[in-house]
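The lines below spell out each chain.
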Amino acid sequence: MKAGMRAIGLSADSVSDAELEEVFKTLDKDGSGSLNLNEFMNALTPSLSTKRKEILSAVFRKVEKTGDGAITANDLTRFYIAKHHPAVVAGRKTEEDIKTEFLNNFEVDKVTRDGKVTLEEFERYYAEISQGCDSDEKFATLVKNTWDLY
Ligand SMILES: [Ca+2]
Ligand SMILES: [Ca+2]
């Protein structure tokens, strides 16, 4: 645990064992006595307000056209025009490559990075962005602009 905290840049030396025990209990959601990476990462992920979660799920539903529960290259046909990308024009990459690269941006966790953006991944990505937005309106505009929805 201390090693893990040090790895992410927290100073374990400034925290007492009792405090650490408290933190650990809070993070160990399933009470397994050990902390898995997911529990640890979730604890570090800033949380979204209900309002912002609603904004995200509304946008997600709009973008997710094919109904398979994830945003993939197939969902991007209408509003993401990859064929004009310089690398595609130059023949160095396919439209599919560009779309997948775009989608990978939203897949913060490399383990689940497969070119399919689930709502969970979507929320995880925007939780970071959300911190820098002081109003829900600005946040909504920012999310919509990314996906070309107005
Ligand atoms: Ca889809
Ligand atoms: Ca994924």
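Residues numbered from 1 in each chain as written. Chains lettered and ligands numbered in written order. Predicted model: local features only at pLDDT ≥ 70, side-chain atom pairs only at ≥ 80, totals over all residues.

Let's talk about the packing of helix α4 (residues 50-63) against helix α8 (residues 136-146)
Then, number 1: Two elements in contact, α4 and α8, have axes separated by 10 Å at closest approach and are oriented at 20°. When the axis of α4 is compared with that of α8, the two are roughly parallel. Considering only the axes of α4 and α8, their crossing is right-handed. Contacts from Lys51, Arg52, Ile55, Leu56 and Val59 of α4 reach α8 at Asp136, Phe139, Ala140, Val143 and Lys144.
Then, number 2: Its residues placed into classes, the contact of α4 with α8 shows 6 nonpolar, no polar and 4 charged. (Axes fitted to C-alpha atoms, helices over the stretch in contact; angles between N-to-C directions. Helix = DSSP H or I, 4+ residues; strand = E, 2+ residues; numbered from the N terminus. Parallel < 35°, antiparallel > 145°, perpendicular 65-115°, else oblique. Left-handed = near helix turned anticlockwise from the far one by under 90°. Contact = placed C-beta atoms within 7 Å. Nonpolar A, V, L, I, M, F, W, Y, C, P; charged D, E, K, R; others polar.)

Let's talk about the confidence of the model for the chain
Then, number 1: Summary statistics for the chain give a mean pLDDT of 84 and a share of 84% for residues scoring 70 or more.
Then, number 2: Of all secondary-structure elements in the chain, the lowest mean pLDDT belongs to helix α1 (residues 2-7), at 60, while strand β2 (residues 117-118) reaches the highest, 97. (pLDDT = per-residue confidence, 0-100.)

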